[in-house]
Amino acid sequence: MGRRWHELIVPALTLGVAMAYWLQVRGQARTVVLVPLGVIVLLAALCLAVVWRESRKAPDRAADRRTPQAAPGARSGSLPEQAAAWVKRHRREIGLVALCLGYYAAFQRLGFHIANLLFLWLAFPNSGLRWTQAIVYGTLTAVALYAVTELVQLNVPTVPWL
Amino acid sequence: MYDAQAILGGLHNLFDLGTLFWLLAGFGMGFVVGAIPGFNDANLMAILLPFTLLLDPTDAIVAMTALYCSAQAAGSIPAILINIPGTPGTSATCLEGYPLARQGRAAFALGVSFAASTVGALFGAFTSIAIAPVLGTFALQFGPAEMFMLGVFGLSVVSSLTGDDTLKGLLITCFGLLISLVGMDSMQGFPRGTFGILELYDGLPMIPVLIGLFGFSEILFLMKRTRIAQTAAPGARSFREVVDGMKQALRYKTTLLRSSVIGTMIGIVPGAGAAIGSFVAYSQAKQWSKTPEKFGKGHPDGLVATDSANNAVACGALVPTLTLGLPGSSSTTLMLAALFLHGVRPGPRFFINFQTEAYTILFSLVLASLLIMLFGLPLARHFQAVAFVPTRFLVPIVAVLLFLGAYAWRYFAFDIILMIVFGLFGALCKVYNYPVPALLLAIILGPMIESNFLRAIRIGGYGTFFQSELSIILMLLTALSLVGPPVLRYRNSRTLKTGAGQ
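What you see is a predicted model; the values in this text were computed from it and never measured. (Residues numbered from 1 in each chain as written. Chains lettered and ligands numbered in written order. Predicted model: local features only at pLDDT ≥ 70, side-chain atom pairs only at ≥ 80, totals over all residues. Heavy atoms only, no water.)

What should I look at first to understand the interface of chain B and chain A in this one?
It is common to report an interface's size as the accessible area lost on association of the parts. Listed by partner, the interface residues are 58 residues for chain B and 63 residues for chain A. Around 5,400 Å² of area is buried between chain B and chain A when both sides are counted, 79% of it from carbon and sulfur atoms. Applying the counting criterion to the chain B and chain A interface returns 3 salt bridges. Glu-7 of chain A serves as the salt-bridge partner of Lys-168 of chain B, at 3.1 Å between the closest nitrogen and oxygen. The tally of links from chain B across to chain A stands at 10 residue pairs in polar contact (both at pLDDT 80 or more). Within the residue set of the side of chain B that touches chain A, elements represented by two or more residues are helix H9 (166-180), strand S2 (191-192), helix H10 (206-222), helix H19 (391-410), helix H20 (414-431) and helix H21 (436-460) of chain B. (Contact = heavy atoms within 4.5 Å. Buried area = accessible area lost by both parts, 1.4 Å probe. Salt bridge = Lys/Arg side-chain N within 4 Å of Asp/Glu carboxyl O. Polar contact = N/O pair within 3.5 Å; in protein donor to acceptor, adjacent residues only side chain to side chain. Helix = DSSP H or I, 4+ residues; strand = E, 2+ residues; numbered from the N terminus.)

Take a look at the structure:
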């Protein structure tokens, strides 16, 4: 069971959302809560069934090796070591997600076009392109997107001086 | 049942110059994407969907239909050239297509494949035109109880058949149902599951959710590879050989007809899928062949069977999608979402309320089927190159398009964050084998299921679900679709164990 804890991530997340949902709607009229309550009860039962099934399974090393996030040897060591190894293996994906969150912040403050430019300048190197190439391709792509949004007159946020 | 005015209206819509242009554009994009292994038509449809909102609804729907149809045929290109199916439905194409390519007859195999695909798709499209209105008329008998049961049946089919694990399928379907009930409830106007976020009061916006689940999650996986396809393809240069392949395919008349019939029938069953259709057609072709020993070594007869069947399945699958609102695959789920977003609501009243649109879709399917042969052959060799574009260029550019797509639906910056959150959740689902199409379908059908459930119990209490024969039949089918796949899997594993023991 200990080595299959990652199988419980999705059930745990869904159950967490379901609990938060229930906290907001409890005590409301019957028509408001009837269907959500039925779904939450069913969801909780299914989560329990998944947990029960996983707890009955023996640790499956072969299956662990097949999962994308588990390179050979990744399951050895303590939990912090495993986490560090996982972060190292997925640094590019983590980098992309961080850049996307940064894009969201830049989008609101600097507008679509500047956010695109900054995102592309950083995302290309994160994907494995050299910095000089990233500046060139990033600028070209951002200009192309600017042209497209102008052409179809898409209402995107911009900074006052653009 | 067959309204001549609606049929003519459908044809008139289609043969507008602008509409034809978008049909060609959709066809071209579907062809590119179908030729890329691992990046299927559902992913592209998810990315393109917000941009189609800039188009006239008819143009958008026609483009999406053409994209859907051409992607199925183009999936055979990588299956033949590099032994990797471009779409799940073309898995069986590898059995005969790749051996032919290894013999240096790649162009011949492409010719056979496209001719068979065209015949299969045309058969499926014409059969759909004939059957869909009949099924639509039958579906008019559905009241709230039947509609509720139909929705539940659709979810049960997709949750149990689109993954290997029914339990996980059901869990993710329930979660999809729950989050589909986010937003103000229709009866009292009480905000449910919004947590004070104003942007969620109208419910979860479908486009950012859909782009996140299918698009953003996919680019996270693309980062692991340097190119989408890693294996170099053997050359497929000779156009003469392509034409020879086409002529050869058309000589297998019985196989073409049998496989097209099998494919269409399997396609009409929600959730059965193109992979099943093509494997069944392949086994039948082998069984009836005078030279079964040549199968598996590059026999054109086998390639004709697989490719005519998988394209017929794709066309047949649109029948339950349009008339019952029951999609059986991620591509048809995306088609359903596209129609919803353009104000066209598939379901039992589809052939009453949207008759002209229905015929426009079905005729565009016929036209796209013909284009497979006309444009497929010259394009096949060149579009294959897309699979070799380095992902270090692809990922950042696609990411920006996803941001734009998520934002452009409602012009809320919040939708970008929502897209990222659902993208991460979609990636988790894919890693742990939770069927993402089931989640999406639950999000689409959830509000319809809830409103019909509440309406049904208000009319006749809980007993209303047991009062009509249709409702009981749907209930039994739901039980069958939930129990059947695990039982079959258990029986298969027992057979394998017994075989290994002997």
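Just checking my understanding: could you explain the packing of helix H6 (residues 93-102) of chain B against helix H7 (residues 106-139) of chain B for this structure?
Relative orientation and spacing of two packed helices are given, respectively, by the angle between their axes and the distance between those axes. Residue and element names in this part refer to chain B. One can describe the packing of H6 onto H7 by two numbers: an axis separation of 7 Å at closest approach and a directional angle of 150°. Here H6 is positioned roughly antiparallel relative to H7, judged by the angle of their axes. Listed contacts from H7 to Gly-97, Leu-100 and Ala-101 of H6 are Ala-106, Phe-108 and Ala-109. The residue makeup of the contact of H6 with H7, split by class, is 5 nonpolar, 1 polar and no charged. (Axes fitted to C-alpha atoms, helices over the stretch in contact; angles between N-to-C directions. Parallel < 35°, antiparallel > 145°, perpendicular 65-115°, else oblique. Nonpolar A, V, L, I, M, F, W, Y, C, P; charged D, E, K, R; others polar.)

Just checking my understanding: could you explain a positive patch on the surface for this structure?
All names here are of chain B. A contiguous patch of positive charge, built from Arg-240, Lys-247, Arg-251 and Lys-253, is present on the exposed surface. Broken down by element, the residue count for the positive patch peaks at 3 residues, all from helix H11 (residues 239-251). Classification of Arg-240 as exposed rests on a relative accessible area of 68%. (Patch = residues over 30% accessible without salt bridge, like charges linked within 9 Å, V, L, I, M, F, W, Y side chains within 5 Å. Areas by Shrake-Rupley, 256 points an atom, 1.4 Å probe, with all protein chains shown as cover. Lys, Arg positive; Asp, Glu negative; His and termini not counted. Charge placed at Lys NZ, Arg CZ, Asp CG, Glu CD. Buried < 20%, exposed > 50% of the residue type's maximum accessible area, 1.4 Å probe, protein only.)

Can you help me understand the nonpolar core in this one?
Core analysis: the biggest nonpolar cluster contains 190 residues, and Phe-119 of chain A together with Phe-403 of chain B have the highest contact counts within it. If one sorts the elements of this core by residue count, H7 of chain B sits on top with 15 residues. Residue contributions to this core reach at least three from each of two domains, namely domain 1 (2-68) and domain 2 (91-151) of chain A. Once residues lying within four places of it in the same chain are set aside, the contact partners of Phe-119 of chain A are Leu-96, Leu-99, Cys-100 and Tyr-103 of chain A together with Pro-396, Ala-399, Val-400 and Phe-403 of chain B. By size, the runner-up hydrophobic cluster in this structure holds 6 residues, among which are Ala-281, Tyr-282, Ala-285 and Ala-305 of chain B. (Core = buried A, V, L, I, M, F, W, Y, C linked by side-chain atoms within 4.5 Å. Domains from an automatic or database assignment.)

I would appreciate a short explanation of the packing of helix H16 (residues 330-341) of chain B against H21 of chain B in the present structure.
Residue and element names in this part refer to chain B. Interhelical geometry of H16 versus H21 gives an angle of 25° and a closest axis separation of 10 Å. With respect to H21, the axis of H16 lies roughly parallel. H21 is crossed by H16, and the crossing has left-handed handedness. Here Ser-330, Thr-333, Leu-334, Leu-336, Ala-337 and Phe-340 of H16 lie close against H21, whose contacting residues are Pro-437, Leu-440, Leu-441 and Ile-444. Considering only residue class, the contact of H16 with H21 consists of 8 nonpolar, 2 polar and no charged. (Left-handed = near helix turned anticlockwise from the far one by under 90°.)

Got a minute to help me understand the pattern of salt bridges in this structure?
Two side chains that carry opposite charge are able to pair once their charged atoms sit near each other. For the structure shown, the criterion picks out 7 salt bridges over all chains. Salt-bridge contacts for Arg-53 of chain A lead to Asp-165 of chain B; the nearest nitrogen and oxygen are separated by 2.6 Å. One end of the pair, Arg-53 of chain A, is in helix H2 (residues 30-56); the other, Asp-165 of chain B, is in the loop between helix H8 (144-161) and H9, on a second chain. Since its relative accessible area comes to 16%, Asp-165 of chain B is described here as buried. The closest approach of N and O atoms between Glu-93 of chain A and Lys-224 of chain B, which form a salt bridge, is 3.5 Å.

I keep staring at the confidence of the model for chain A and nothing clicks. Help me out?
In low-pLDDT regions, the fine details of the predicted coordinates are not to be read closely. Residue and element names in this part refer to chain A. Looking at chain A as a whole, its pLDDT mean stands at 82, while 83% of the residues score no less than 70. Ranking the elements of chain A by mean pLDDT puts helix H3 (residues 61-66) last, at 50, and helix H6 (residues 112-127) first, at 93. Across residues 66-74 the pLDDT falls below 50, and counting only partners more than four positions away or on other chains, this stretch makes 16 contacts in the model. (pLDDT = per-residue confidence, 0-100.)

I would appreciate a short explanation of the packing of aromatic side chains in the present structure.
Here a ring pair, both rings aromatic, is described through the centre-centre distance and the interplanar angle of the planes. Counting across every chain of the model gives 19 aromatic pairs over all chains. Judged by centre distance (5.7 Å) and plane angle (35°), the ring pair of Phe-31 of chain B and Phe-114 of chain B falls under tilted. Taken together, the residues span a long stretch of sequence, with Phe-31 of chain B in helix H2 (residues 17-34) and Phe-114 of chain B in helix H7 at a distance of 83 residues. Take Phe-114 of chain B: its relative accessible area is 1%, and that puts it in the buried class. One aromatic cluster is present, built from ring pairs that chain together Tyr-103, Phe-107, Phe-112 and Phe-119 of chain A together with Phe-403, Tyr-407 and Tyr-411 of chain B. (Phe/Tyr/Trp six-rings, centres within 6.5 Å; stacked < 30°, edge-to-face > 60°.)

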